[in-house]
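Letter by letter, the chains look like this.
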Amino acid sequence: MGTSDDDLPLGDPAESLALIERERANLERDITPDPRLMLWPWGFAWLIGLTLIFLRYGPGGRILVDLPGWLPLVTLMVLMISAGIITGTAGGRISRHVSGPTSRQGLYYGVTWSVAFSGLSVLFSRLSNQLPEAESGLLWAGGMVALTGALHMTGGALWNDRGLFFLGVWTSLINVIGILVGTGWHSLIVAVAGGGGMIVAGTIGWLRLR
Amino acid sequence: MSESTDPQITELDPVIHAQARLRVVSALSVLRDADRITFPRLQDSLRMSAGNLSVHLRKLEEAGYVEVTKTHHGRTPATLVRLTRRGRLAFDDYTAALRALLDPERTEDQ
C-alpha cells in the first residue's frame with residue numbers, strides 16, 4: 001500500500017467502521033499476553049501433577065499406582081516453576097512495549113502472586129510438620145488453590161475480564177467442594193476441574209482475541 | 001450513496017479522514033488514557049513502514065491528536081506514542097459521525 005493510497009479517504013462509512021474495528025482488534029491482540037501462554041502451563045501443571053498425587057496418595061491413604069513417594073510432588077513443583085517462568089516471560093514481553101498505568105498494574109499483579117504464594121508457603125511449611133501426611137497435603141493444596149482462585153478473581157476485577165473472574169469463582173468453588181469431600185479426592189477434583197478449567201479458559205480467551 | 005460529494009462526509013475531521021491516519025488513531029484508541037506504546041510495536045501492528053508511520057504521526061502530532069516522546073529503555077533509545085485527550089475526542093466524534101451516516105434515523109431520535 002503506497003502513501004498516495006493511504007492518504008485517500010474511504011468513501012463508505014461501513015468500510016471505515018470495519019477498518020477501525022480491524023485495527024483495534026489487531027492492537028488489542030498485540031498488547032494482550034496470549035491467554036494460552038498465561039493459563040495452559042498452569043492448567044497442565046495441575047492436571048498432570050495433581051493426578052499423580054491422587055494416584056499415589058489416594059482417598060483414605062490408598063495407593064492406586066505405586067509410584068515413588070517423591071515423584072508426584074517433584075513433578076508438580078517442576079511444572080509449576082516452569083509455568084511461572086512461561087507466564088512471567090509472556091507478561092514481561094508485553095510490558096516492554098507498553099508503558100504507563102496498565103503495565104504498572106500488570107507488574108504489581110505479578111508481584112502480588114509471588115508475595116502471596118511465598119507468604120502461604122512459609123506458614124504451611126511450619127504447620128505441615130505437625131500434621132499427618134494426608135492433612136498436610138490437603139492444607140498445601142487447599143490453601144494454594146484457594147489463593148489461586150482469589151487471585152484470578154482479583155485479576156478479573158483489575159482487567160475487567162469476565163472470563164478470568166469466572167475462572168476464579170469456579171476454582172474457588174471446586175476447591176471448597178474438594179476440601180469437603182476430603183483428602184485424596186481433593187487432588188482429583190482440582191486436577192480435572194481446576195486444571196481443566198484453566199485450559200478451557202485459556203482456549204476461550206485465545207479464541208476471543210483471534 | 002454518493003461519496004466525496006456528500007456534504008456530510010466532507011464535514012468529517014480531515015486529519016483522520018485519511019485512511020492511514022484513521023488506522024493509526026484506531027489502533028491507539030485501544031490504549032488506556034495515560035498508556036504509551038513503543039513505535040516498533042505500533043508499526044508491527046499497523047503493518048506500515050517506519051517512514052510512512054513517522055509521516056502520519058507527525059501530522060497527527062501537529063493536530064495535537066498524538067504525543068510522541070523519546071526516552072530510553074536502559075541504554076536503547078525508545079520512541080513512545082500515545083493518543084491525547086483531544087485525539088480521543090476526535091476519534092470518538094469521527095466514529096459517531098460514521099454511525100450517524102449509516103443510520104441517520106437513530107441519531108435523529110437521540
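Let me sum up the structure you'll find in this document. Only a predicted model underlies this, so the values are computations on that prediction, with no experimental measurement involved.

1. Examining the pattern of salt bridges
Pairing between side chains becomes possible if they bear opposite charge and their charged atoms approach one another.
Consideration 1: Within the structure shown, the criterion is met by seven salt bridges over all chains.
Consideration 2: Linking A:E23 and B:R23 is a salt bridge whose minimum nitrogen-to-oxygen distance equals 2.7 Å. On the criterion of chain membership, the pair formed by A:E23 in helix 2 (residues 13-30) and B:R23 in helix 3 (residues 19-28) is interchain, its members lying in two chains.
Consideration 3: Among the ionic pairs, A:E23 bridges to B:R47, the shortest N-O distance being 3.3 Å. Pair noted here: A:E23 is in helix 2 and B:R47 is in the loop between helix 4 (39-46) and helix 5 (50-62), and the two residues belong to different chains.
Consideration 4: Three or more residues joined by partner-sharing salt bridges are found here, namely A:E23, B:R23 and B:R47.

2. Examining the interface of chain B and chain A
How big an interface is tends to be stated in terms of the accessible area lost upon association of its parts.
Consideration 1: Opposite the 37 residues of chain B that make contact, chain A presents 31 residues.
Consideration 2: On the chain B side of the interface with chain A, the three residues burying the most area are B:Q19, B:V30 and B:R41, jointly 19% of the side's total.
Consideration 3: Inspection of the region where chain B meets chain A yields two salt bridges.
Consideration 4: For the pair chain B and chain A, the number of links is ten residue pairs in polar contact (both at pLDDT 80 or more).
Consideration 5: Of all elements in the fold, only helix 3, strand 1 (36-38), helix 4, helix 5 and helix 6 (85-102) of chain B reach the threshold of two or more residues within the side of chain B that touches chain A.
Consideration 6: Here two bridges tie strand 1 (residues 98-99) of chain A to strand 1 of chain B, and the two strands are oriented antiparallel to one another. Bridging from a neighbouring strand, A:S99 pairs with B:R36 of strand 1 of chain B.

3. Focus: the pairing of strand 2 (residues 66-73) of chain B
Consideration 1: Of the strand pairs in this sheet, strand 2 of chain B and strand 3 (residues 76-83) of chain B are connected by eight bridges, and their pairing is antiparallel. Residue pairing in the sheet places B:E67 in a bridge with B:R82 of strand 3 of chain B.

4. Topic: the sheet that holds strand 1 of chain A
Consideration 1: Read from one edge to the other, the open sheet built from four strands follows the order 1(A)-1(B)-3(B)-2(B), with strand pairing classed as antiparallel. Strands with a single pairing partner mark the edges of an open sheet, and in this sheet they are strand 1 of chain A together with strand 2 of chain B.
Consideration 2: Pairing between strand 1 of chain B and strand 3 of chain B: two bridges, direction antiparallel. Bridge pairing in strand 3 of chain B links B:I37 to B:V81.

5. Regarding unusual backbone geometry
Consideration 1: With a phi close to 55°, A:N160 is a non-glycine residue in the positive phi region.
Consideration 2: At B:R47, a position not held by glycine, the phi torsion is positive, near 55°.
Consideration 3: When its relative accessible area of 52% is taken as the criterion, B:R47 is described as exposed.

6. Overview of the side chain of B:T84
Residue and element names in this part refer to chain B.
Consideration 1: With respect to the element layout, T84 can be found in the loop between strand 3 and helix 6.
Consideration 2: Looking at T84, its side chain comes within polar contact range of the main-chain nitrogen of G87, at 3.0 Å.
Consideration 3: Not counting chain neighbours up to four residues away, the residues in contact with T84 comprise G64, Y65, V66 and E67.

7. A word on a nonpolar patch on the surface
Residue and element names in this part refer to chain A.
Consideration 1: Nonpolar side chains collect at one region of the surface, where W170, L173, I177, V181 and W185 lie side by side and expose about 480 Å² of accessible area between them.
Consideration 2: A total of four residues in the nonpolar patch trace back to one element, the largest contributor, which is helix 7 (residues 162-181).
Consideration 3: By secondary structure assignment, the location of W170 is in helix 7.

Reading guide: rules and limits
- Residues numbered from 1 in each chain as written.
- Chains lettered and ligands numbered in written order.
- Predicted model: local features only at pLDDT ≥ 70, side-chain atom pairs only at ≥ 80, totals over all residues.
- Heavy atoms only, no water.
- Salt bridge = Lys/Arg side-chain N within 4 Å of Asp/Glu carboxyl O.
- Helix = DSSP H or I, 4+ residues; strand = E, 2+ residues; numbered from the N terminus.
- Contact = heavy atoms within 4.5 Å.
- Buried area = accessible area lost by both parts, 1.4 Å probe.
- Polar contact = N/O pair within 3.5 Å; in protein donor to acceptor, adjacent residues only side chain to side chain.
- Pairing = 2+ DSSP bridges.
- Buried < 20%, exposed > 50% of the residue type's maximum accessible area, 1.4 Å probe, protein only.
- Patch = residues over 30% accessible without salt bridge, like charges linked within 9 Å, V, L, I, M, F, W, Y side chains within 5 Å.
- Areas by Shrake-Rupley, 256 points an atom, 1.4 Å probe, with all protein chains shown as cover.

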